[in-house]
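# Survey of secondary and tertiary structure
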Amino acid sequence: RRPNDEAKSPQQLLSAACKSNEVSGDESVPNSCARFGLKVPDHLVKQCRGLGHQWREELCARFDAAAESTTHGWFAQLEDSAGSLAACLDRRWDWPDPLASRIIWPHGRAPVATLIYLHGFTCDGGSYLCCEDYFCMEQRVPTNKDEEEEDEEEDDEETDDVIYLPFPGLKVVLPSAP
């Protein structure tokens, strides 16, 4: 099971990439390596194409951030039904430079505001790609519960699931310390 398979939106695809610490799960890849692919679920191909080419670079950067604990590198599969390989070879998008700042783009629209997050000197920009709670709006989604449980825990906010949605038009720049 790959993190891409269950995504219901492009944002969930990006979020899942960040949290895919067990990116591999493949016996042909050594334990100290990771494997990931840019395969987009068929129902999201059209939506992802409409976001432009920056989403691919951000998706790769998020997979890279998730694989930071690997000691011997990672393998990336660029071939997918959304044309990622052809777009990369045509230089319509670039692989994320390991020394460059990381950017969370407002996909599908032009940025209207830019936040440059100046973190401490203990991490690089990629370390913050997985911190959705820092840069997104929190939305609580009630869980399905029995009415008895609801009466007991009416005011308990911990019973809700939380999803994070990007602020419309916000571009976040995560510089890496020199």
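Above this note sits the structure.
Since the model is a prediction, treat every value here as computed from it, not as a measurement. (Residues numbered from 1 in each chain as written. Predicted model: local features only at pLDDT ≥ 70, side-chain atom pairs only at ≥ 80, totals over all residues. Heavy atoms only, no water.)

Sheets are built from strands paired through backbone hydrogen bonds, the pairs being either parallel or antiparallel. Judged by pairing direction, the sheet is mixed, and its 3 strands sit side by side in the order 3-7-4 without closing on themselves. Looking at which strands have only one partner, the edges of the open sheet turn out to be strand 3 (102–104) and strand 4 (113–116). Averaged over all adjacent pairs, the angle separating strand axes in this sheet is 20°, with direction ignored. Pairing geometry for strand 4 and strand 7 (residues 170–174), over 4 bridges, is parallel. Bridge pairing in strand 7 places T114 opposite K171. (Pairing = 2+ DSSP bridges. Helix = DSSP H or I, 4+ residues; strand = E, 2+ residues; numbered from the N terminus. Axes fitted to C-alpha atoms, helices over the stretch in contact; angles between N-to-C directions.)

Packing of helix 1 (residues 10–18) against helix 3 (residues 54–66) leaves a shortest axis separation of 7 Å and a crossing angle of 25°. Classified by the interaxial angle, the pair formed by helix 1 and helix 3 is roughly parallel. Here L13, L14, S15, A17 and C18 of helix 1 lie close against helix 3, whose contacting residues are W55, E58, L59, R62, F63 and A66. For the contact of helix 1 with helix 3, a count of residues per class yields 8 nonpolar, 1 polar and 2 charged. (Parallel < 35°, antiparallel > 145°, perpendicular 65-115°, else oblique. Contact = heavy atoms within 4.5 Å. Nonpolar A, V, L, I, M, F, W, Y, C, P; charged D, E, K, R; others polar.)

Turning to helix 1, a few remarks are in order. In terms of burial, helix 1 is largely enclosed, as 8 of its 9 residues are buried. Burial in helix 1 covers these residues: P10, Q11, L13, L14, S15, A16, A17 and C18. Of the surrounding secondary structure, the elements contacted by the buried residues of helix 1 are helix 2 (45–50), helix 3, helix 5 (132–135) and strand 6 (161–166). (Buried < 20%, exposed > 50% of the residue type's maximum accessible area, 1.4 Å probe, protein only.)

The relative placement of two aromatic rings is captured by the distance of their centres and the angle of their planes. Applying the stated criterion across every chain yields a total of 5 aromatic pairs. Both rings, one in Y117 and one in Y134, keep their centres 6.0 Å apart while their planes meet at 55°; by these two values the pair is tilted. You can see Y117 sitting in the loop between strand 4 and helix 5 and its partner Y134 sitting in helix 5, a full 17 residues away along the chain. Owing to a relative accessible area of 26%, Y117 belongs among the partly exposed residues under this scheme. Here the aromatic rings of Y128 and Y134 are separated by 6.1 Å at their centres, their planes lie at 45°, and the arrangement is tilted. (Phe/Tyr/Trp six-rings, centres within 6.5 Å; stacked < 30°, edge-to-face > 60°.)

This next bit is on the nonpolar core. In this structure, L13, L38, V40, W55, L59 and W93 are the most contacted members of the largest nonpolar core, which totals 19 residues. For this core, the elements supplying multiple residues, two or more each, are helix 1, helix 2, helix 3 and helix 4 (84–89). Broken down by element, this core gets its largest block of residues, 4 residues, from helix 3. With 11 residues, the next largest nonpolar core counts A65, Y128, F135 and V172 among its residues. (Core = buried A, V, L, I, M, F, W, Y, C linked by side-chain atoms within 4.5 Å.)

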